[in-house]
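Chain by chain, the residues:
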Amino acid sequence: MGGGYEIQYVSILDAFSSVHRRVNLVGVALEFSVPKRSKGSDYFCSVRIVDRSHNTRGLSVLFFARSLELLPRVSTHGDIVIVSNVEIKVHSKEIFAQFNKKYSSFGLFEGRYGKNFTPYHFYSKFRVKGLDKSLISDLRKWLDDFPLDPASRQSVQLKGIKLTDCPDLVCKIIHVCEVDKDERLLFVWDGTDAPLLPIETKLVNEKEALAPLQLEDVPLPRDVLCTFPTVGTILPVRVDPEYVDLSTCTGSWVKFINLTFQIRKGRWYGFCKPSTRIHLVPNQDPHVQKLQSDYEERLSSKFDRMPSSSFPWPSPITDTEKTDVPFVTLFDIIAYSKVTAKFKCVARVVGAFPWNVEDFLSPSGIYRLRLTLEDPTGRLHAYVYSEDGEMFFNGYPLIHEMRRKRNMLLGIQENDNGDESEDAPRSPPWIELCIKSYYVDKSNPWTSRRYRIFGTRLNC
C-alpha cells in the first residue's frame, strides 16, 4: 500500500464513454457475486457499483485472480469500492469494467457508518498514500439519502415463481449437497409457499409408479433435515461445479439472477443456466429483513402454518377429533424431536397404495392402505389401518362409493357417467387430518418410524 502521488478518478457515468480505456473508479457496492472458476485456471467474481452520476443500474466490475483469497470480499452492500487501472470493455452490448491481475488494484472500505479511511481488504498493488479521502467521505454522506435496496429490484418470492425464467429470486441457502462431481444441489428457502401444482401424470401410470417423497435420489440424513425451517417451501436448485466453495454460503441470503424453474416428479425444481448469476445479499438488506419479519409473524400465528393456497379454509370433506390443536406442517411432523407424537395438519393426498379400491381391505376385512400426503414443505406416507380406516371411510362403503371417495381425495375428475378422466390433470383438495407417529422396531425407533392417520372422517 505504498506510493505518494495523486490518482485521478472518473465518475461511473463518464466510464460508460471510456470503452477500451483504463480508468480509476470509486463507487458503492450495490451487488456482489459468488466466486466461480473460469474456463482457465483463474477464479472470478463481479461487483456492481453505483455513484451519484449513475445510481440506478450502475457498472459491473469483473475481477479475476489466481486464488479465491485474492478476489475482493465485500462485507456488505453499501461498502465503498475503489479500483485502479481497470479497462472499460463491452460485450453483448453491455459495458463493464475488467480488473487485470497484473496491473489493476482494489481497496474495500466501510460504507455509510465507517469512520476511518483504511481499507479492510485490498489487493497488493493498492495505494493508500495520495488517496483523496473526500471521495470516501462524500459517498458516505450520499448514502444517508440514497435508498440502497438492491435485493427488492425486480425480485420475486418463491410464492410467485412460474415455469419461466425469473429475473431475480432472493432466498436463503439452507444446505449444499454434492450430488456428483458435475452437479451440486442447493436447498433454498424464503419462508413462503411455492405455488400449488396440478398433478399431470396419467392415471394408468400412477397405478404403477408411486408418488416419490423427495426429488433427490438419496434422502438427506435426519440430522441435516432437522436444521431446515419447517414452514415454507424448500426448493432444490441445481448448480454447475464452476461455483466454488458454495458450502461457505450455507445460511447466507443470495439473489439468483436469470434462474429457471422446472417441475420434476410433481415438485418445483430450480435450474441454473450458464447465464445464471448468484449474488450475495447481506442480512441487513431491507428486503431480507421483510422476509424474516413475515416468516416470524407466520410462525406466531395459529393458522399460518396451513398452506397458503388452502386459505381461507381447507375443504370441508373431512372432520377431525382434535379441534383445539394448532396446525403443523408435514415438515414439522418429520422433524419433530420425539419418535411418537400426535399432530393435526392440512395436506392433500397425491398418491394411494394400493390404487384399486378393491384392495383397500385385507382378505380378513381389515383396512390397510397407504396415502402419500403433500404440503408446501414436503411429502410423507401415512397409513390408514384397521379401526382408523373404518372411521376414515365411515364404515365399509360399497365399491362404487369407495371409488368415489378415493377420486374425491385424489382430485380425479369424473365425467357425467361417473367414469374417470384418464388424462385430465388432478388437483386434490386441501383436507384437515390428524396424524400420529410411531415405530415398528423398538431397537431402531427412528429408522422404523412410521405415520398413521387417526381421528379423521371423510364426509364425502
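Residues numbered from 1 in each chain as written. Predicted model: local features only at pLDDT ≥ 70, side-chain atom pairs only at ≥ 80, totals over all residues. Heavy atoms only, no water.

A. Here's a closer look at the overall build of the chain. Looking only at helices and strands, one finds 8 helices and 21 strands in the chain. Projected onto the principal axes, the alpha-carbon positions of the chain cover approximately 95 × 45 × 40 Å. In the chain, buried positions account for 50% of the 460 residues. Of the contacts made within the chain by residues no fewer than 6 positions apart, 67% connect residues no fewer than 24 positions apart. Just so you have it, the chain exposes about 22000 Å², and 50% of that area is on carbon and sulfur atoms. Both charge centroids of the chain, one from 61 positive and one from 57 negative side chains, sit 5 Å from each other. (Helix = DSSP H or I, 4+ residues; strand = E, 2+ residues; numbered from the N terminus. Buried < 20%, exposed > 50% of the residue type's maximum accessible area, 1.4 Å probe, protein only. Contact = heavy atoms within 4.5 Å. Areas by Shrake-Rupley, 256 points an atom, 1.4 Å probe, with all protein chains shown as cover. Lys, Arg positive; Asp, Glu negative; His and termini not counted. Charge placed at Lys NZ, Arg CZ, Asp CG, Glu CD.)

B. A look at the pattern of salt bridges. Evaluation of the coordinates by the stated rule reveals 19 salt bridges. With its nearest N and O atoms 2.8 Å apart, the salt bridge here joins K101 to D42. Taken together, the residues span a long stretch of sequence, with K101 in the loop between β6 (94–98) and β7 (105–109) and D42 in the loop between β2 (36–37) and β3 (43–51) at a distance of 59 residues. Overall, the relative accessible area of 24% leaves K101 in the partly exposed class. Judged by relative accessible area, D42 falls into the buried class, the value being 13%. R379 is the salt-bridge partner of E374, the closest N and O atoms lying 2.8 Å from each other. For the pair shown, E374 and R379 are each scored as buried. (Salt bridge = Lys/Arg side-chain N within 4 Å of Asp/Glu carboxyl O.)

C. Inspection of a nonpolar patch on the surface at higher detail. Residues F303, F311 and W313 make up a contiguous nonpolar surface patch of roughly 310 Å² in combined accessible area. As for its position among the elements, W313 is in the loop between α5 (286–300) and β15 (318–320). What makes W313 partly exposed here is its relative accessible area of 46%. (Patch = residues over 30% accessible without salt bridge, like charges linked within 9 Å, V, L, I, M, F, W, Y side chains within 5 Å.)

D. Structural detail: the layout of surface pockets. Put simply, the second largest pocket is a space of about 820 Å³. Lining the second largest pocket are 27 residues, with F44, L62, H91, P274 and R277 sitting closest to its centre. Those elements giving two or more residues to the lining of the second largest pocket turn out to be β2, β3, β4 (54–65), β5 (80–91), β6 and β14 (267–281). If one sorts the elements of the lining of the second largest pocket by residue count, β14 sits on top with 5 residues. (1 Å grid on protein atoms, 1.4 Å probe; cavity = no way out; pocket = protein on both sides within 12 Å on 5 of 7 lines; lining within 4 Å. Points joined across faces, edges and corners; volume = space filled by probe spheres on them.)

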